[in-house]
Amino acid sequence: MSETMKLAAEPRDRAGKGASRAIRRSGRVPAVIYGAGSAATPIHLEEKFLVRLLSTGHFMNSVVEIDVDGKVTKTLPRDVQFHPVSDRPIHVDFLRLSGDAKITVNVPVVFIDEEQSPGMKRGAVLNIVRHEVAVDCAPSAIPDNLEISLTGLDVGASIHISAVKLPAGVEPHIHDRDFTIATMVAPSALKREKGEADAEAATEEAAD
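Now for a description of the structure that goes with this document. Source: prediction; values computed, not measured. (Residues numbered from 1 in each chain as written. Predicted model: local features only at pLDDT ≥ 70, side-chain atom pairs only at ≥ 80, totals over all residues. Heavy atoms only, no water.)

### As for the sheet that holds strand E7 (residues 103-112)
On the basis of which strands lie adjacent, the open sheet formed by four strands has the order E10-E7-E9-E12 and mixed pairing. The sheet terminates laterally at strand E10 (146-149) and strand E12 (171-172), the two strands that pair on one side only. Looking at chain direction, E7 and E10 are connected through four bridges and run parallel. By the bridge assignment, valine 109 is partnered in E10 with leucine 146. (Pairing = 2+ DSSP bridges. Helix = DSSP H or I, 4+ residues; strand = E, 2+ residues; numbered from the N terminus.)

### Focus on the sheet that holds strand E11 (residues 158-160)
The strand order across the open sheet built from three strands is E8-E13-E11, with neighbouring strands paired in antiparallel fashion. Bordering the open sheet on either side are strand E8 (125-128) and E11, each of which pairs with just one other strand. On average, each strand axis in the sheet is tilted by 15° relative to the strand beside it, whichever way the strands run. Pairing between E8 and strand E13 (residues 180-185): four bridges, direction antiparallel. When the sheet's bridge partners are listed, valine 125 is paired in E13 with valine 185. (Axes fitted to C-alpha atoms, helices over the stretch in contact; angles between N-to-C directions.)

### Remarks on the environment of isoleucine 90
One can find isoleucine 90 in strand E6 (residues 89-96). Considering only alpha carbons, one finds isoleucine 90 and valine 80, ten residues apart in sequence, at a separation of 7.6 Å. Contact partners of isoleucine 90, with chain neighbours within four places excluded, come to Arg24, Val29, Pro30, Gln81, Phe82 and His83. (Contact = heavy atoms within 4.5 Å.)

### A closer look at the pattern of salt bridges
According to the stated counting rule, one finds five salt bridges in the structure shown. Measuring nitrogen to oxygen at the nearest pair gives 2.9 Å for the salt bridge that ties glutamate 46 to arginine 28. Here glutamate 46 is found in strand E3 (residues 38-46), whereas its partner arginine 28 is found in strand E2 (residues 28-35), with 18 residues between them in sequence. Since its relative accessible area comes to 24%, glutamate 46 is described here as partly exposed. Taking relative accessible area as the criterion, arginine 28 reaches 13% and is therefore assigned buried. Linking aspartate 154 and arginine 122 is a salt bridge whose minimum nitrogen-to-oxygen distance equals 3.0 Å. (Salt bridge = Lys/Arg side-chain N within 4 Å of Asp/Glu carboxyl O. Buried < 20%, exposed > 50% of the residue type's maximum accessible area, 1.4 Å probe, protein only.)

### Brief notes about helix H1 (residues 17-25)
What H1 keeps buried is the set Ala19, Ser20 and Ile23. The buried residues of H1 occupy one face: seen down the axis, they fall within an arc of 100°. Of the residues in H1, the exposed ones pointing more than 90 degrees away from the buried face are Lys17 and Arg25. Each element contacted by the buried residues of H1 is listed here: E2 and E3. (Arc of directions from axis to C-beta.)

### Observations concerning helix H2 (residues 47-54)
Listing the buried residues of H2 in full gives Glu47, Leu50 and Leu53. Each buried residue of H2 sits inside an arc of 125° when the element is viewed along its axis, so together they form one side. Exposed and facing more than 90 degrees away from the buried side of H2 are Lys48 and Arg52. Considering only its buried residues, H2 is in contact with strand E1 (5-11), E2, E3 and E6.

Here is the structure:
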C-alpha cells in the first residue's frame, strides 16, 4: 500500500495574489485543505520539503498528514499548480479525509513478466492506453501501483480492466464497461510477414 507522507505547515492569514507572491518569495508554497464538511483551511508549506515529496513520483496517490500548529489532518493531494516557466510548485489543493470513507485516486499501471509473453519475444510493441487507472478505495488501502502480468499474451492481445487482479477493497472507478488498458501491437516486420503470407495465400487460391 502507498506510504503515508508527512508535511509541516503554517496557517495562511492573508488571501490574495499579493500575499501569495510574498509567501512564495520566502521559499514557501500557498495551499489549502478542504472537504469533509469543514471550512477550507488556507496554509503554506516549505517549498523544498514539498518538492522532495513531489519527486517520489507517487505524491498524488499518497495520504499526506499535514501538521498545522500541532493539529494533524489526513489529506489526499488533489491538484498541484506549477509555474509555467520555472516549473516550481505555486499552489497545492489537499482533500481532507474523513475516517475510512472511500475516495477516488489515480494509480499508476506497471507491466511485468515481459519475458513470459510470446508477443514480446517476437518483438511486439506494448501500446499503453492508460498509464493510470482511477480506483475507489479507503485511504488506508491505496495501492502503490497496479501490476499487470504479460504472461502468455501474444500479438493482437488486449488487456482489459476485468483481467487485472485488484487488491482487496479496491474497485475500478469506471465500473459500467470493461475498458482497455493496453494492447499488444505487431511490429512492422511481423505485419509485413503477415501481409506477404496473406498475398501468397490469395495467389494460391486464385491459381486453384
